[in-house]
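# Secondary and tertiary structure notes
Here's the letter readout for the chains.
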Amino acid sequence: DNYCVIMGGGIGSRFWPFSRESHPKQFLDFFGTGRSLLQMTYDRFKRFVPEENILIVTNESYAAKVKEQLPEIGADQILCEPTRRNTAPCIAYASYHIFARNPKANIIVAPSDHLILREEEFVRAASEALEFVADHEQLVTLGIRPSRPETGYGYIQMAEEKVGNFIRVKTFTEKPNAEMAAVFLASGEFLWNSGMFVWNVGSILEAFRKYLPEVTSALESGMANYNTPQEQAFIEQAFPYCPSISIDFGVMEKADNVLVMPVDFGWADLGTWGSLYELADKDQDANATLKTRALFYEAERNIVTTDNPDKLVVVQGISDCIIAESENVLLICRSEEEQRIKHFLADAALKY
Ligand code: GDD
Ligand code: MG
């Protein structure tokens, strides 16, 4: 059986002030299409994974939001975390739940904040990877050809060895600094980690045992509870014992059985303002205006957005900036400093 785990419990702090803890970016409709990123992710997977096997793992404070946005799914498709522990514990929890349903399941894990432009191609690649892991004990990641020295992604170095369309991974480096990212890009040996992973449930549980035994011991102590009415009570009690760590740092950087499948299906991560800017329509001076009105004078390469379509923003003499207003916050920040936004958010939370 094929299963899909959609991770939808992040707070999207680098997209502040648009993304808030109370309504993180996965629940937002960025382009005014009428579907949020989470809804678009669900729609994409139901094309090739049986709907009852698509699970959404989220923080319990977002469960109601998930139900509201995806009214068609069953309550048993939403897995709730009582505390924020990043993506490794999220994936481990979903894996135990799936193991209790089918110990031979193949799983595709995906974030809820991506756009995929060529869905046919995506469905073909993801299906091939799911078929592959059914009889290979490998951790497969889908890799994207990099186009800029982005520091917000994981970088995958390819080795010589190939198994069909899958390439052995030599090193995996999560979020390198700018200098390293530039070297990786120039070498031509690296792909970006798309954040989508494919594996057999047995392979990933084994990897947790090896590389994150604290997660295993917290979540394996009550194996008999998974997929029963006692699951939620067990998780409430056990989950907080997991360390907070991402799958990238916790497993992918350490494992030696990682393969990458190079893919090209028009992937775009909506992780940061820069990624949204790349996708947005731009005027002749490369200014992007989203969901608002704007006039530009001697201004280039800005991204401007507010949550009021009637608002007019006038920008003079300012270039390469993010100008974003949402509710009670107005952010004006140089685009190249966008990785600092999560720290601005932390300061704002402390002071106001
Ligand atoms: N359920 C749950 N619980 N989901 C979470 C949690 C959590 O505690 N934390 C994050 N998520 C979800 C987010 O909502 C998002 O959909 C996904 O997990 C990935 O988390 P991000 O916080 O967006 O990760 P990232 O963008 O910094 O890095 C990852 O994605 C990059 C590509 O977009 C890494 O996998 C990188 O290696 C990768 O390049
Ligand atoms: Mg992300």
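Structural notes, computed from the coordinates. (Residues numbered from 1 in each chain as written. Chains lettered and ligands numbered in written order. Predicted model: local features only at pLDDT ≥ 70, side-chain atom pairs only at ≥ 80, totals over all residues. Heavy atoms only, no water.)

Now for the overall build of the chain. Each helix and strand counted, the chain has 11 helices and 17 strands in total. Whereas a compact globule of 352 residues would reach a radius of gyration of roughly 20 Å, the chain reaches 20 Å, a difference of no more than 12%. Per-residue burial for the chain yields a buried fraction of 55% across its 352 residues. Expressed as a percentage of contacts within the chain between residues at least 6 apart in sequence, the contacts between residues at least 24 apart total 66%. If you sum the accessible surface of the chain, you get close to 15400 Å²; carbon and sulfur atoms cover 51% of it. The centroid of the 33 positive side-chain charges in the chain is displaced by 1 Å from the centroid of its 50 negative side-chain charges. (Helix = DSSP H or I, 4+ residues; strand = E, 2+ residues; numbered from the N terminus. Rg over C-alpha atoms; globule rule 2.2 N^0.38 Å. Buried < 20%, exposed > 50% of the residue type's maximum accessible area, 1.4 Å probe, protein only. Contact = heavy atoms within 4.5 Å. Areas by Shrake-Rupley, 256 points an atom, 1.4 Å probe, with all protein chains shown as cover. Lys, Arg positive; Asp, Glu negative; His and termini not counted. Charge placed at Lys NZ, Arg CZ, Asp CG, Glu CD.)

Quick look at the site of ligand 1 now. Of all residues adjacent to ligand 1, which total 27 residues, the nearest are Glu 174, Lys 175, Asn 193, Asp 248 and Asp 269. Interatomic distance of 3.3 Å between a side-chain N/O atom of Asp 113 and an oxygen atom of ligand 1. For ligand 1, an oxygen atom lies 3.1 Å from a polar atom in the side chain of His 114. With the chains in place, 90% of the 740 Å² that ligand 1 exposes on its own is no longer accessible. When atoms are counted within 2 Å of each cavity's grid points, the one that captures over half of ligand 1 is the largest pocket. With 3 residues, strand β9 (residues 190–200) is the single largest residue contributor to the shell around ligand 1. For the shell around ligand 1, the per-class residue count stands at 6 nonpolar, 13 polar and 8 charged. (Near = heavy atom within 4 Å. Polar contact = N/O pair within 3.5 Å; in protein donor to acceptor, adjacent residues only side chain to side chain. 1 Å grid on protein atoms, 1.4 Å probe; cavity = no way out; pocket = protein on both sides within 12 Å on 5 of 7 lines; lining within 4 Å. Sits in = over half its atoms within 2 Å of the grid points. Nonpolar A, V, L, I, M, F, W, Y, C, P; charged D, E, K, R; others polar.)

Inspection of the secondary structure assignment puts Ser 36 in the loop between β1 (2–7) and α1 (37–45). The residues contacting Ser 36, other than those within four sequence positions of it, are Gln 26, Phe 27, Leu 28, Asp 29 and Gln 69.

Further remarks concern the pairing of β9. In terms of burial, β9 is a largely internal element, 11 of the 11 residues being buried. Across 4 bridges, strand β4 (residues 106–111) lies against β9 in antiparallel orientation. Of the residues in β9, the one forming a bridge with Ile 107 is Trp 199. Relative to β9, strand β7 (residues 154–163) runs antiparallel, the two sharing 3 bridges. Bridging across to β9, Ile 156 finds its partner in Leu 191. (Pairing = 2+ DSSP bridges.)

If you trace the 4 strands from one edge of the open sheet to the other, you get β12-β14-β16-β17, paired in mixed fashion. Every interior strand has two partners, whereas the edge strands, β12 (288–290) and β17 (329–334), have only one. Sheet twist, expressed as the mean angle between neighbouring strand axes with direction ignored, is 10 degrees. Note: β12 against strand β14 (residues 303–305), 3 bridges, orientation parallel. Bridging across to β14, Thr 289 finds its partner in Val 304. (Axes fitted to C-alpha atoms, helices over the stretch in contact; angles between N-to-C directions.)

Let us look at the nonpolar core. Trp 199, Phe 208 and Leu 219 are the most contacted members of the largest nonpolar core, which totals 48 residues. Apart from the residues lying within four places of it in its own chain, the contact partners of Phe 208 are Ala 88, Ile 91, Ala 92, Pro 213, Val 215, Thr 216, Ile 247 and Val 251. Ile 56, Val 123, Ile 144 and Met 196 belong to the second largest nonpolar core, which has 45 residues in total. (Core = buried A, V, L, I, M, F, W, Y, C linked by side-chain atoms within 4.5 Å.)

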